[in-house]
Amino acid sequence: MEVHKLLWGYNGIIVLLLSGFMCVTQTKINQSMGARSFLEQVPALPMPAMESFLLTVFALALMVALGWIYRQSDAIKPHWQILVFFAEIGSCVLLMRSINLAYDGVVLLVVADIMCRYGGRHQEYLLVAAMLGLYFISNYNLAVFQMKVIPFDAYISYYEPTAQAALLAARNVFVSVNIALFVIYMVLLVKGKHEEKERIRLLNEKLGEANERLRAYAIEAERMAETRERNRLAREIHDTLGHALTGIVAGLDACILMVETAPDFTRAQLEKIRDTARRGMTDVRRSVKKLRPADLDKLPFREALTRMTEEFAASSGMDIHFTVVGWPESLREDQEEVIYRVVQEGITNANRHGRAKTVNLTIGSSEGKLRIIIADDGTGCENVKQGFGLRHMKERLELLHGSLNFWNDAGFIVEAEIPMNQEEDL
Amino acid sequence: MEERGKGQHRSMFFAVAGIILLLLAAVAYYVQGQERVLRIGVFAGNNWGVPQGNSYAVLDEAVEEFQKEHPGIRVEYVSGIKKEDYAEWLAEQVMGGREPDVFFILSDDFNLYASMGALMELSSFMEEDRDFRTENYYKAALDYGKYEDQPYALPCAGVPTLMFVNKSLLAREGIPMPGDDWTWKDFLGICRRVTRDTDGDGVLDQFGCYDYTWQQAAITNGVTLFREDGRASYFADARMEEAVRFMMDLRSIQKGREITSKDFDMGRVAFRPFSFAEYRTYKPYPWRIKKYMDFEWDCIKLPAGPSGRNTSELDTLLVGMSARTRMPKLSWDFMKKLCYDAGLQERILQDSQGLPVRRDVVLSAKARDIFRWETEGADMDIDALSEAMDEAVMPPKFKGYRAAMLYADTELTKIINGTIPFNNSLNKLQKEINAMLQY
């Protein structure tokens, strides 16, 4: 940022000017027999003129380098960054010492660096803390070194009164201009940050819209998948069951005609029909099998269920707590499938309609019944429109003589019941 | 993105390399300044304001011995700096960071340099050096090199104030020579007896004392004028009042006649306070003849006041070490050579006008020899001299001391001369001085 560079350049020039001024004055005092009376005025041992100037240059170069590294430190690890920052503060203190604390504007450079670098959430607090900290450092410096520093006035007093006034005025102008530059820098910085925030807000809005569209598209896609599934089912039924039934009907028609005249032939024919029916049944089983989720085939049921919830939690960002209180000894494939689908539908609804953050999924068996409760902390629903999802769940459950209940509480709660121990039914 | 990251890394490398180079330069700058020359700061002449022939005799001796003991070290000093120019010279060196490793310190400069940290604090050297024992020094001399109770300089030579006695005059008046334990009463009595008009022209032409100051009266009456930190004064002390009254009594004897140094040189004054340096300068052969040829004289201690002792201020010449010296150990060794070595301290007695600050050296047989040889019979009692050194008090040397004393002197002279009425004037003076000392 240009103002930032300007601030550094300006401070660098002032510091060098001040140091040069002190250096020249000290040499002049020495040459004009004023050394003893100068020493009377000062509470500390002055550094040799050239040495103090070199120290200033050194400290300034160090501070510029460290400040630069600090500002570039995207690549550096955070703790190194802190180290560099403290080194920068150290070089700042050294620089102030080298010019006998005659100018403390360099402190603002450090503040500018903090502000430039840090854009996190607690920026205001950090700024206040940094300002206070640096203020205390500079004052502490004053307090501790006051007895150990050559006052600027001692240098000034070497010159005649009119020149003294001019010099003091010049120094005050330097300080004021520095503060003005700093304020401009801060204003620009805050403005820049504000614009950045505005930009991020706009981007967020766009992202929200995109999300909404995506959701609509997902619903659409699901509907299409449903249609496709229906078509496939129709095709399957037509191809397998339809085919077999057509064959059976035609065979049976023949048998009806032939049963009186040729019982033996009819008998053979009936056997063929039975084979056809059996094949048809196998085909139906195969078709049904194709509809089952892949996980249900590959994994034990409970693991498949856990995996499904975990995957959903991971992809949707919801917290899903899966609790099992009593697991039935054995489950039939169709029961497994229904349970699987109910759970899937339940948590999908919680996410989609309830916008829930947490879902408590509990499965327990008692008194010959398996109970599934899916409770979310979402928005719930005032009057539940029984959509395709809920109706579908109900239908699936009713096939197993089960039932479905749902109501609003802290969120939306769905309860499904399936009677157990009816293995011999099939 | 990749390209930019690379550029950044290269710049980072340069920045780090730059910092390392800077640090190396700083170290190199520090190291190159080290060489094996020990520099000494010294002024020509002596500290006591008396003429002196070869003023560098003792120093040259110390340098020679030191170089012999430390081969490879060269000791350097700038000769020919006059005492009145020395303060400015030293200040310029200090400001330029070129001050000598070891230097003589004028009384006015000591507090200035000690307070601003130009002088090395010496207590650790003293403790670590097993040959060095502070008890060997006269206390007032050693204390003179302390600032806020820490030693910053070693005494090299000291000069107490004695009382010059015109023996011929006393003999003429039939008055016995007073002893070293005499008092104000004796002093006043003798002054009264000798102050008279000898040639009968109606004008006083013989006097008791010349140049006896109220400061000397105060010290011999046990007055401490200033608190140690130089922030308060004790002019209203009852003993100070005694001293002022004594000064007024002394002055009243002269009946308004001002005594001049000419009266003294002509042998018409019985007493005059004399520094030991003056004694050493005028007592030996050539000077004695030249300056005071008409009368016999000798020195005794100052008379004691009713609440004090036969004591005086000890004017001490200090030697300090620069806090920025690169050879502190060698500097200490040189300071020790100059200020502690028994042989060198003897040389001070022999070749300069000051007194050694080591008690054992002053009291040694060799010192007695030197004294006897130099003063040819009319000798000064060396035990009494050592006693005077032991009892001597250290003059204050805080920053505003000179200004405060100047003001006090003006006011007290007025009081003693009777220009200002005496009652309560000391209280007033104390208040005024205290106000001065607050700045």
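Residues numbered from 1 in each chain as written. Chains lettered and ligands numbered in written order. Predicted model: local features only at pLDDT ≥ 70, side-chain atom pairs only at ≥ 80, totals over all residues.

### Examining the overall build of chain A
Each helix and strand counted, chain A has 13 helices and five strands in total. The burial tally for chain A puts 23% of its 426 residues in the buried class. Considering only contacts in chain A between residues 6 or more positions apart, those separated by 24 or more positions represent 70%. (Helix = DSSP H or I, 4+ residues; strand = E, 2+ residues; numbered from the N terminus. Buried ≥ 20, exposed ≤ 12 C-beta atoms within 10 Å, placed from the backbone. Contact = placed C-beta atoms within 7 Å.)

### Remarks on the sheet that holds strand β1 (residues 319-325) of chain A
Pairing between sheet strands relies on hydrogen bonds along the backbone, with the strands arranged either parallel or antiparallel. Residue and element names in this part refer to chain A. Spatially, five strands are ordered β1-β2-β3-β5-β4 in an open sheet, and the strand pairing comes out mixed. Whereas interior strands pair on both sides, the edge strands pair on one side only; in this sheet they are β1 and β4 (403-408). Each strand axis lies, on average, 10 degrees off the axis of its neighbour in the sheet, ignoring direction. Where strand β2 (residues 358-366) and strand β3 (residues 369-376) come together, eight bridges link them in antiparallel fashion. (Pairing = 2+ DSSP bridges. Axes fitted to C-alpha atoms, helices over the stretch in contact; angles between N-to-C directions.)

### Points about the interface of chain A and chain B
With 24 residues of chain A at the interface, the matching set in chain B holds 19 residues. Of all the elements in the fold, those that place two or more residues in the side of chain A that touches chain B are α1 (2-31), α2 (35-41) and α3 (49-72) of chain A. At eight residues, α3(A) tops the list of elements feeding residues into the side of chain A that touches chain B. When its residues are assigned to classes, the side of chain A that touches chain B shows 18 nonpolar, three polar and three charged. (Nonpolar A, V, L, I, M, F, W, Y, C, P; charged D, E, K, R; others polar.)

### Re the confidence of the model for chain B
In the predicted model, chain B carries a mean pLDDT of 85, and 92% of its residues have values of at least 70. Here the complex is predicted with pTM 0.66, and the ipTM for its interfaces comes to 0.75. (pLDDT = per-residue confidence, 0-100.)

### Brief notes about α1(A)
Residues lying three or four places apart along an α-helix face the same way, a consequence of the helix completing one turn every 3.6 residues. Residue and element names in this part refer to chain A. Between its terminal C-alpha atoms α1 stretches 43 Å, which fits the 44 Å expected from 30 residues at 1.5 Å a residue. The set of residues buried in α1 consists of Leu 7, Asn 11, Val 15, Leu 18, Ser 19, Met 22, Cys 23, Gln 26, Ile 29 and Asn 30. One or two positions beyond α1, positive phi appears at Met 33, with a value near 60 degrees. (Expected span 1.5 Å × (residues − 1).)

### Examining the pairing of β4(A)
All names here are of chain A. Inspection of the sheet shows β4 paired to strand β5 (residues 412-419) by six bridges, in the antiparallel sense. Looking across to β5, one finds that Phe 406 is bridged to Val 414. Following β4, the chain reverses through three residues before pairing antiparallel with β5.

### Focus on the nonpolar core
B:Ala270 and B:Val319 are the most contacted members of the largest nonpolar core, which has 161 residues in total. Sorting elements by how many residues they give to this core places α3(A) first, with eleven residues. The contacts of B:Ala270, once residues within four sequence positions are left out, are B:Val165, B:Asn166, B:Leu169, B:Leu170, B:Ile190, B:Cys191, B:Val194, B:Gly208 and B:Cys209. (Core = buried A, V, L, I, M, F, W, Y, C linked by C-beta atoms within 7 Å.)

### Overview of the packing of helix α8 (residues 184-194) of chain B against helix α10 (residues 238-253) of chain B
Residues and elements named next belong to chain B. At their nearest, the axes of α8 and α10 sit 9 Å apart, and the two run at 15 degrees to each other. One element, α8, and the other, α10, form an angle in the roughly parallel class. As α8 runs across α10, the sense of the crossing is left-handed. Judged by residue contacts, Trp 184, Leu 188, Cys 191 and Arg 192 of α8 engage Phe 246, Asp 249, Leu 250 and Ile 253 from α10. Across the contact of α8 with α10, the residue classes tally to six nonpolar, no polar and two charged. (Parallel < 35°, antiparallel > 145°, perpendicular 65-115°, else oblique. Left-handed = near helix turned anticlockwise from the far one by under 90°.)

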